[in-house]
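Summary of the model geometry
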Amino acid sequence: MQQRECIDTIFLYGIAFVFFCISAIKDKKKTKQALIKGLKAFEGILPQLIVVLIFIAIGLALFDAETISRYLGPASGVWGVLTSALLGSITLIPGFVAFPAASELLHNGAGVLQIATFVSTLMMVGIVTLPIEISYFGKKIAIIRNVLALLFSFVAAIFVATMVNL
């Protein structure tokens, strides 16, 4: 699996490089502006990324692969999925950090269904942000949206796990 991921990564970087070269040939000025803008955006998210990755590293150091597998592994069943849903619903981290975190958890024994549930609830359900949502949309709409998002998260997670296991 590791070798395939490496080949996929090299392939994607290769495609990005080809398109970058095409862009540079077509319009050097716009390409330079886009590159600078991208680097500034990366610079803006880097502190957030580093802090979250430090927390993930500490978590992985505290919980060995066996523990992660026990609570979030494929054999954890419904309780592992519900635990993942709860963690995803109350965690407030951006998507660009969630996916590397999910990858690390998968490499350390977590199950695909559990991690798909974690990521989907992380992206769609907002228990931490519920008070803000209530202030904008009202209590009834905010709660309905979050309940529907939670239900859809389970559907999405099942779909992702099914597709991965094909």
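Refer to the structure above for everything that follows.
What this report covers is the structure whose coordinates are included nearby. (Residues numbered from 1 in each chain as written. Predicted model: local features only at pLDDT ≥ 70, side-chain atom pairs only at ≥ 80, totals over all residues. Heavy atoms only, no water.)

Bringing the nonpolar core into the picture now. With 16 residues, the main nonpolar core has Ile93, Val97, Ala110 and Ile115 as its most contacted residues. Contributions of two or more residues to this core are made by α2 (28–62), α3 (65–72), α5 (95–107) and α6 (112–124). Ranked by residue count, the leading element in this core is α5, at five residues. (Core = buried A, V, L, I, M, F, W, Y, C linked by side-chain atoms within 4.5 Å. Buried < 20%, exposed > 50% of the residue type's maximum accessible area, 1.4 Å probe, protein only. Helix = DSSP H or I, 4+ residues; strand = E, 2+ residues; numbered from the N terminus.)

In the structure shown here, the tally under the stated rule is two salt bridges. As a salt-bridge pair, Glu66 and Arg70 come within 3.7 Å of each other at their nearest N and O atoms. Taken together, the positions of Glu66 and Arg70, both in helix α3 and four residues apart, correspond to about one turn of that helix. For Glu66, a relative accessible area of 58% gives the class exposed. Relative accessible area serves as the criterion here: at 47%, Arg70 is assigned to the partly exposed category. (Salt bridge = Lys/Arg side-chain N within 4 Å of Asp/Glu carboxyl O.)

Estimated volume of the largest pocket: approximately 520 Å³. In this structure, the largest pocket is lined by 20 residues; those nearest its centre are Gly59, Leu72, Leu87, Leu105 and Phe118. Put simply, the parts of the chain that give the lining of the largest pocket at least two residues each are α2, α3, α4 (77–90) and α5. For the lining of the largest pocket, the class distribution of residues is 15 nonpolar, five polar and no charged. (1 Å grid on protein atoms, 1.4 Å probe; cavity = no way out; pocket = protein on both sides within 12 Å on 5 of 7 lines; lining within 4 Å. Points joined across faces, edges and corners; volume = space filled by probe spheres on them. Nonpolar A, V, L, I, M, F, W, Y, C, P; charged D, E, K, R; others polar.)

On to α2, then. For α2, with 35 residues, the first-to-last C-alpha span of 48 Å sits near the 51 Å given by 1.5 Å per residue. A maximum bend of about 40° is found in α2 at Ile45, where proline Pro47 lies one to four positions downstream. Of all the residues in α2, the buried ones are Thr31, Leu49, Val52 and Ile56. Capping the start of α2, Asp27 holds a side-chain oxygen 3.2 Å from the backbone nitrogen of Lys29, two or three residues further along. (Expected span 1.5 Å × (residues − 1). Bend = angle between axes of the 7 residues up to and from the residue. Polar contact = N/O pair within 3.5 Å; in protein donor to acceptor, adjacent residues only side chain to side chain.)

Checked against the element boundaries, Ala98 lands in helix α5. Expressed as a C-alpha distance, the spacing of Ala98 and Leu12, which sit 86 residues apart in the sequence, is 20 Å.

Let us now look at a nonpolar patch on the surface. Judged by side-chain polarity, Ile50, Val51, Ile54, Phe55, Ile58, Leu62 and Phe63 come together as a nonpolar surface patch covering roughly 720 Å² of accessible area. Within the element layout of this structure, Ile54 appears in helix α2. Ile54 sits in the partly exposed class, given a relative accessible area of 46%. (Patch = residues over 30% accessible without salt bridge, like charges linked within 9 Å, V, L, I, M, F, W, Y side chains within 5 Å. Areas by Shrake-Rupley, 256 points an atom, 1.4 Å probe, with all protein chains shown as cover.)

A few words now on the packing of α4 against α6. It is the contact of α4 with α6, at a shortest axis distance of 7 Å, that shows an interaxial angle of 25°. Here α6 runs roughly parallel to α4, going by the angle between their axes. Where α4 crosses over α6, the two elements pack in a sense that is right-handed. Across the interface between the two elements, Gly77, Gly80, Val81, Ser84, Ala85, Leu87, Gly88 and Ser89 of α4 pack against Leu113, Gln114, Thr117, Phe118, Thr121 and Leu122 of α6. (Axes fitted to C-alpha atoms, helices over the stretch in contact; angles between N-to-C directions. Parallel < 35°, antiparallel > 145°, perpendicular 65-115°, else oblique. Left-handed = near helix turned anticlockwise from the far one by under 90°. Contact = heavy atoms within 4.5 Å.)

Before going further, it helps to spend a moment on the side chain of Glu133. Relative to the assigned elements, Glu133 resides in helix α7 (residues 130–137). In this view, Glu133 contacts Gly126, Gly138, Ala142, Arg145 and Asn146; residues no more than four positions away in its chain are not counted.

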